[in-house]
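Listed here are the chains, written in short residue letters.
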Amino acid sequence: MSGEDATDDQSAQNPSGGMPGTAPDDRPHPDGRRNEQGIRIDPEAEAEPRRRTAVVSALVEHEPGVLSRVSGLFSRRRFNIESLTVGPTTVDGHARITLVVEETESGIDQVEKQLAKLKPVIQVGEVDDPAVRAELVLLKVRGDRPDEVHAITQMYEGQTLDAGPRTITVQITGDEQKIDDAVDAFRQFGIIEIARTGQTALARGDTPTTPGEEPGHSTQPPEDPHGAEDSETTDTTEN
């Protein structure tokens, strides 16, 4: 075959006169894009990490300024706090801070590590399931349907704390789902004000709520099962 014949065959196969092969529009195109280094990025790997809600418990020294340090830490790190509760423990001078955060796995790990670095913090850790979780909500609703308000309050095992001709204030305690359902049920009466504590939690059974925690012990001496018998014997002998 002469050179002219070969050129004619190639022209017939590729009328556009370009390189032989599949047209650009017919070629497969990989998904994703390239970063600054020219490496193609998998769109699934690049997707935003999944967030979850975690309950973190921290034992701290009960001293002024602890909460300001904790809140300052979260503000600087831009952690998303859903709720925060604090209260005394069985150990004098200690307090428990319970935080509910919505973060990625790495974010939750950073929350624990950063809290542990604060000077007043003694122990910190996530409260794993299953755990005992509860919160409290106070609801002030309009009082023009008192019987119905009372029925809803009983249904959610709540208490009526104040009742007047214009408003009724009730208290509901329970887990987060129960509180959410109760709030939705009371909306029909018109919620005037609401105060919600946020979750607090303790691990079940003998498991410590925070790693390494040693709960305080009762200050009452243990009862001697033989003490009562000895006392009765002594009284009988004296008589």
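Our subject is the structure that appears above.
Residues numbered from 1 in each chain as written. Predicted model: local features only at pLDDT ≥ 70, side-chain atom pairs only at ≥ 80, totals over all residues. Heavy atoms only, no water.

### Here's the deal with the pairing of strand β3 (residues 52-61)
Note the cut-off: Working definition: with a 1.4 Å probe on protein chains only, accessible area under 20% of the residue-type maximum means buried, over 50% means exposed, and in between means partly exposed. For helices the rule is a DSSP run of H or I covering at least 4 residues; for strands it is a run of E covering at least 2, with both sets numbered from the N terminus onward. Following DSSP output, two strands are said to pair if at least two bridges run between them.
For β3, the tally of buried residues reaches 7 of 10 residues, placing the bulk of the element in the interior. Of the pairings in the sheet, the one linking β3 to strand β5 (residues 94-103) comprises 10 bridges and is antiparallel in character. The partner of Arg 52 across the bridge, within β5, is Glu 103. Bridging between β3 and strand β6 (residues 121-126) involves 5 bridges; their strand directions are antiparallel. Bridge pairing links Ser 57 to Gly 125 in β6.

### Here's the deal with the layout of surface pockets
Here is the rule we go by: The distinction between a cavity and a pocket rests on a 1 Å grid over the protein atoms alone: a 1.4 Å probe fits inside a cavity but cannot get out, while a pocket stays open yet meets protein on both sides within 12 Å along at least five of seven lines, and a residue with an atom within 4 Å of a point counts as lining. Grid points are joined across faces, edges and corners, and a volume is the space filled by probe spheres set on the points. Residues were grouped as follows: Ala, Val, Leu, Ile, Met, Phe, Trp, Tyr, Cys and Pro as nonpolar; Asp, Glu, Lys and Arg as charged; and all remaining residues, including Gly, as polar.
Size it by volume and the largest pocket reaches roughly 380 Å³. If you trace the largest pocket, you find 22 residues lining it, with Thr 89, Thr 90, Arg 96, Leu 202 and Glu 213 closest to the centre. Of all the secondary structure elements, the ones that give two or more residues to the lining of the largest pocket are β4 (81-88), β5 and β11 (200-203). At 4 residues, the largest contribution of residues to the lining of the largest pocket is made by β4. For the lining of the largest pocket, the residue count by class is 8 nonpolar, 11 polar and 3 charged. Reported here for the second largest pocket is a volume of approximately 160 Å³. Lining the second largest pocket, in full, are Gly 125, Glu 126, Val 127, Asp 128, Pro 130, Ala 203, Arg 204, Thr 207, Pro 208, Thr 209, Thr 210 and Pro 211. Residue composition of the lining of the second largest pocket, by class: 5 nonpolar, 4 polar and 3 charged.

### Overview of the packing of aromatic side chains
Stated formally: Under the pairing criterion, centres of Phe, Tyr and Trp rings, with the six-membered ring standing for Trp, must be within 6.5 Å; the plane angle then separates stacked pairs below 30 degrees from edge-to-face pairs above 60, leaving the rest tilted.
What the rule picks out here adds up to 2 aromatic pairs. Centre to centre, the rings of Phe 74 and Phe 79 are 5.5 Å apart; their planes meet at 70°, and the pair counts as edge-to-face. Phe 79 carries the same exposure label as Phe 74, and that label is buried.

### Some remarks on the nonpolar core
One broad rule of soluble globular proteins: the nonpolar side chains tend to lie buried together. Spelled out, the test is: What is meant by a nonpolar core is a set of buried Ala, Val, Leu, Ile, Met, Phe, Trp, Tyr and Cys residues, joined one to another through side-chain atoms within 4.5 Å. Residue contacts are counted whenever heavy atoms from the two residues lie within 4.5 Å of one another.
In terms of nonpolar packing, the biggest core is built from 19 residues, with Val 56, Val 60, Val 70, Phe 74, Leu 99, Val 101 and Leu 115 touching the most fellow members. Elements with a contribution of two residues or more to this core: β3, α3 (66-77), β5, α4 (105-117) and β6. Residues contacting Val 70, with those up to four places away along its chain left out, are Leu 84, Ile 97, Leu 115 and Leu 118. Residues Ile 152, Tyr 156, Ile 168 and Ala 185 belong to the second largest nonpolar core, which totals 15 residues.

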